[in-house]
Amino acid sequence: MNRWKGVLVGTAALLAGLLLATAANAQDEEGRLLKASEGLQMPGSEADSRWWFVSYPGEDELPSAERFSGLTGCPAGGVSRSGFEATFDRLGDVQPWMDAGQKKSARGFRRLGKLFHRRYEELAVYRCETGTAEVPIYFVGVDENGLSGLLTINIET
């Protein structure tokens, strides 16, 4: 009997360690995404862009616009889904007419896009029309922990 208790305690300790390591790795990834987004400015936003990490555990595939609306609380019918590649190609495109800050931001979006590709299997961009000047934009992907990514709010008047 004591032998089985030892096996169970040892197994429980191993699982606890594995869970802690997984949680630490997830926090590491969150930190990397937030660090990569520092200073990035969304084109067309009338205010500086701030970024937040968002997570929806248990979501094992990219949701439809309707499902995403339910997850985030966006108004029904107000969510549109865009392709990640097309969005980041546009955001990461450095143009000759850009000032130094815009060029720096575009290069930063290219780096952020690469980081998303290293972490996630499936990727998408969701835009939430709120009926106000504040328009949340979600850059998300699916990995073994569910749906997560970054949120920023565009100010559009």
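Relevant structure appears above.
Residues numbered from 1 in each chain as written. Predicted model: local features only at pLDDT ≥ 70, side-chain atom pairs only at ≥ 80, totals over all residues. Heavy atoms only, no water.

Considering the arrangement of structural elements, one finds D143 in strand β4 (residues 134-143). Sequence-distant contacts of D143, defined by excluding residues within four places in its chain, comprise R119 and Y120. (Helix = DSSP H or I, 4+ residues; strand = E, 2+ residues; numbered from the N terminus. Contact = heavy atoms within 4.5 Å.)

Looking at where S148 falls in the secondary structure, it is placed in strand β5 (residues 146-155). Engagement of the side chain of S148 in a polar contact is seen with the side chain of Y120, the distance being 2.7 Å. In this view, S148 contacts F53, V54, S55, R119, Y120, F139, V140 and G141; residues no more than four positions away in its chain are not counted. (Polar contact = N/O pair within 3.5 Å; in protein donor to acceptor, adjacent residues only side chain to side chain.)

Judged by nonpolar contacts, the single largest core of 18 residues is most densely connected at L33, M42, W51, F109, L112, F116 and F139. Among the elements that make up this core, the one with the highest residue count is helix α4 (residues 100-119) (4 residues). Not counting chain neighbours up to four residues away, the residues in contact with L33 comprise F53, L112, L115, F116, R119, Y120, G149 and L150. Of all hydrophobic cores here, the second largest spans 15 residues; its members include C74, Y126, C128 and L151. (Core = buried A, V, L, I, M, F, W, Y, C linked by side-chain atoms within 4.5 Å. Buried < 20%, exposed > 50% of the residue type's maximum accessible area, 1.4 Å probe, protein only.)

Attention shifts here to a positive patch on the surface. A surface patch of positive charge is lined by K104, R107, R110, R111, K114 and R118. Along the chain, R107 falls in helix α4. For R107, a relative accessible area of 36% translates into the label partly exposed. (Patch = residues over 30% accessible without salt bridge, like charges linked within 9 Å, V, L, I, M, F, W, Y side chains within 5 Å. Areas by Shrake-Rupley, 256 points an atom, 1.4 Å probe, with all protein chains shown as cover. Salt bridge = Lys/Arg side-chain N within 4 Å of Asp/Glu carboxyl O. Lys, Arg positive; Asp, Glu negative; His and termini not counted. Charge placed at Lys NZ, Arg CZ, Asp CG, Glu CD.)

Our focus in this paragraph is the state of the cysteines. Enumeration over the complete set of coordinates arrives at 1 disulfide. A sulfur-sulfur distance of 2.2 Å marks the disulfide that ties C74 to C128. Measuring handedness by torsion sign, the sulfur bridge of C74 and C128 sits at about -135 degrees and is left-handed. With C74 in the loop between α2 (65-72) and β2 (79-83) and C128 in strand β3 (residues 122-128), this pair connects stretches of sequence that are 54 residues apart. For the pair C74 and C128, a shared accessibility class is recorded, and that class is buried. (Disulfide = S-S within 2.5 Å.)

Moving on, we get to the environment of L115. Looking at the secondary structure, you find L115 in helix α4. Taking the C-alpha atoms as reference points, L115 and E29, 86 residues apart in sequence, are found 9.4 Å from one another. Ignoring anything within four residues of it in the chain, the contact list for L115 reads R32, L33 and A36.

Moving on to the pattern of salt bridges. Inspection of the entire model under this criterion finds 5 salt bridges. E59 serves as the salt-bridge partner of R67, at 2.4 Å between the closest nitrogen and oxygen. A relative accessible area of 13% places E59 in the buried class. Between E129 and R127 there is a salt bridge, with the nearest N and O atoms lying 2.5 Å from each other. A relative accessible area of 23% means that R127 is categorised as partly exposed. Connected through shared salt-bridge partners, R127, E129 and E156 make up one network.

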